[in-house]
Amino acid sequence: MNNSQLQGSFAFKPNVMYLRPDFMVSTCNAEALKAVESWPTWPFFALSIYGPKGCGKTHLAHIFADQVALKCSKPIKVKIIKASDIKMSMVARLYAQNPCLVVEDVTQKVDNQALFHLYNLYHNEGGYLLFTSKWPLARINFDLPDLKSRLKMVPNVAILEPDDSLLEALIVKLFSDRQITVPADVVRYIVHNMERSFSYAIKVVERADELSLCLKRAVTLPIVKQAIYDISHNTQPDLF
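1. A closer look at helix H3 (residues 88–97)
- Turning to H3, its buried residues number three or more, namely Met-90, Val-91, Leu-94 and Tyr-95. All buried residues of H3 project into a common sector of 130° when viewed along the axis, lining one side. Turned more than 90 degrees from where H3 packs its buried face, Ser-89, Ala-92, Ala-96 and Gln-97 sit exposed.
- The inward-facing, buried residues of H3 abut strand E2 (79–82), strand E3 (100–104) and helix H4 (112–125).

And the structure:
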């Protein structure tokens, strides 16, 4: 089935839950969870969590926000902001309003001067920063040498690609976020026939949901077989 045949289907935004009980722990992410939950006894004022797309970095950012709320004597709302959205004109206000800040998706393309001054403010004046990225901060080739040298000092914790048990749990959750219940044998088939990555699991679930909506059928083995075929043969636009 090609994408033109799916035009009559409706895409519903998944209802993603970011609570601590919804975070599935395995050997690939246990260290990252422990690091986030150890706040405010971090060895440094900043921490970086890195890993592949879909591995749970945003979920950990929300868990961090909940940790701050639980452990502070007065309510503090932790702002979560994309690194690419941070501009020089915002830096002073961000620090003044957010003693704890999450900066997501750090890449080389950020405003280097803005991130440099943000880092210095939190470091010199007191505050906490949680960074997320696909890579260790020390491996990102920032244009500004001073920013690169500062971020090299931030402790990094990796999230690795998932094992089979985590993949099964992840697929069940991804379908559940879309209000879909899938038989255990279908979940096992997906795990045994997919690329071992978070991003691939997300794409399989998205494609299976599209096919299910179009055909007005439950997600069954033939549906997921077609979804895996479509992804493996790159018949979806903008796959990765």
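2. Description of the pattern of salt bridges
- Applying the stated criterion across every chain, the model contains eight salt bridges.
- For Asp-105, the salt bridge identified is with Lys-82, shortest N-O distance 2.5 Å. Of this pair, Asp-105 sits in the loop between E3 and H4 while Lys-82 sits in strand E2, and the two are 23 residues apart along the sequence.
- Look at Lys-82 and you get partly exposed, because its relative accessible area is 38%.
- Note that Lys-203 and Glu-206 form a salt bridge whose closest N and O atoms lie 3.6 Å from each other. One end of the pair is Lys-203 and the other is Glu-206, both in helix H8 (residues 198–215) and three residues apart, which spans about a single turn.
- One continuous salt-bridge network, built from bridges that share partners, spans Arg-207, Glu-210 and Asp-230.

3. Here we look at unusual backbone geometry
- Between Trp-39 and the following residue, Pro-40, the backbone shows a cis peptide bond with an omega angle of 10°.
- With respect to the helices and strands, the residue Pro-40 is situated in the loop between helix H1 (30–37) and strand E1 (46–50).
- In this structure, Asp-105 takes a positive phi of about 60° despite not being glycine.
- The phi torsion at Lys-216 lies on the positive side, around 55°, for a residue other than glycine.
- Looking at Lys-216, the relative accessible area reads 75%, which means it is exposed.

4. Some thoughts on the nonpolar core
- Ile-49, Leu-60, Phe-64, Ile-171 and Phe-175 are the most contacted members of the largest nonpolar core, which has 50 residues in total.
- Looking at this core, the elements with two or more residues in it are H1, E1, helix H2 (57–71), E3, helix H6 (164–177), helix H7 (184–192), H8 and helix H9 (221–232).
- The element that contributes the greatest number of residues to this core is H8, accounting for seven residues.
- Setting aside residues up to four positions removed in sequence, Phe-175 forms contacts with Ile-180, Val-182, Ile-190, Val-205, Ala-208 and Val-219.

5. Thoughts on the sheet that holds E1
- Strands sit in the order E2-E3-E4-E1-E5 across an open sheet of five strands; the sheet is parallel. In the strand order of this sheet, the two ends are held by E2 and strand E5 (156–158), each with one partner. Within this sheet the neighbouring strands show an average axis-to-axis angle of 20°, counted without direction.
- Judged from the five bridges that link them, E1 and strand E4 (residues 128–133) form a sheet pairing that is parallel. Residue pairing across strands places Leu-47 opposite Leu-130, the latter belonging to E4.

6. Notes on the pairing of E1
- In terms of residue burial, E1 counts as a mostly covered element, since four of its five residues are buried.
- Sheet topology note: the E1/E5 ladder contains three bridges and is parallel. Counted as the bridge partner of Ile-49 is Val-157 from E5.

7. Some remarks on H7
- Within the span of H7, buried status applies to Val-186, Val-187, Ile-190 and Val-191. Buried residues of H7 fall within an arc of 135° about the axis and therefore sit on the same side.
- Of the surrounding secondary structure, the elements contacted by the buried residues of H7 are H6, H8 and H9.

8. Looking at the pairing of E2
- Inspection of the sheet shows E2 paired to E3 by four bridges, in the parallel sense. What sits directly across from Ile-81, in E3, is Val-103.
- Considered for its hand, the β-α-β crossover made up of E2, H3 and E3 is right-handed.

9. Some points on the confidence of the model for the protein
- Mean pLDDT over the protein: 90, with 91% of residues reaching 70 or higher.
- Every residue in residues 1–10 is under pLDDT 50, and counting partners more than four places away or in other chains gives 20 contacts.

Rules behind the numbers
Residues numbered from 1 in each chain as written. Predicted model: local features only at pLDDT ≥ 70, side-chain atom pairs only at ≥ 80, totals over all residues. Heavy atoms only, no water. Buried < 20%, exposed > 50% of the residue type's maximum accessible area, 1.4 Å probe, protein only. Helix = DSSP H or I, 4+ residues; strand = E, 2+ residues; numbered from the N terminus. Arc of directions from axis to C-beta. Contact = heavy atoms within 4.5 Å. Salt bridge = Lys/Arg side-chain N within 4 Å of Asp/Glu carboxyl O. Core = buried A, V, L, I, M, F, W, Y, C linked by side-chain atoms within 4.5 Å. Pairing = 2+ DSSP bridges. Axes fitted to C-alpha atoms, helices over the stretch in contact; angles between N-to-C directions. Right-handed = clockwise from strand over helix to strand, strands pointing away. pLDDT = per-residue confidence, 0-100.

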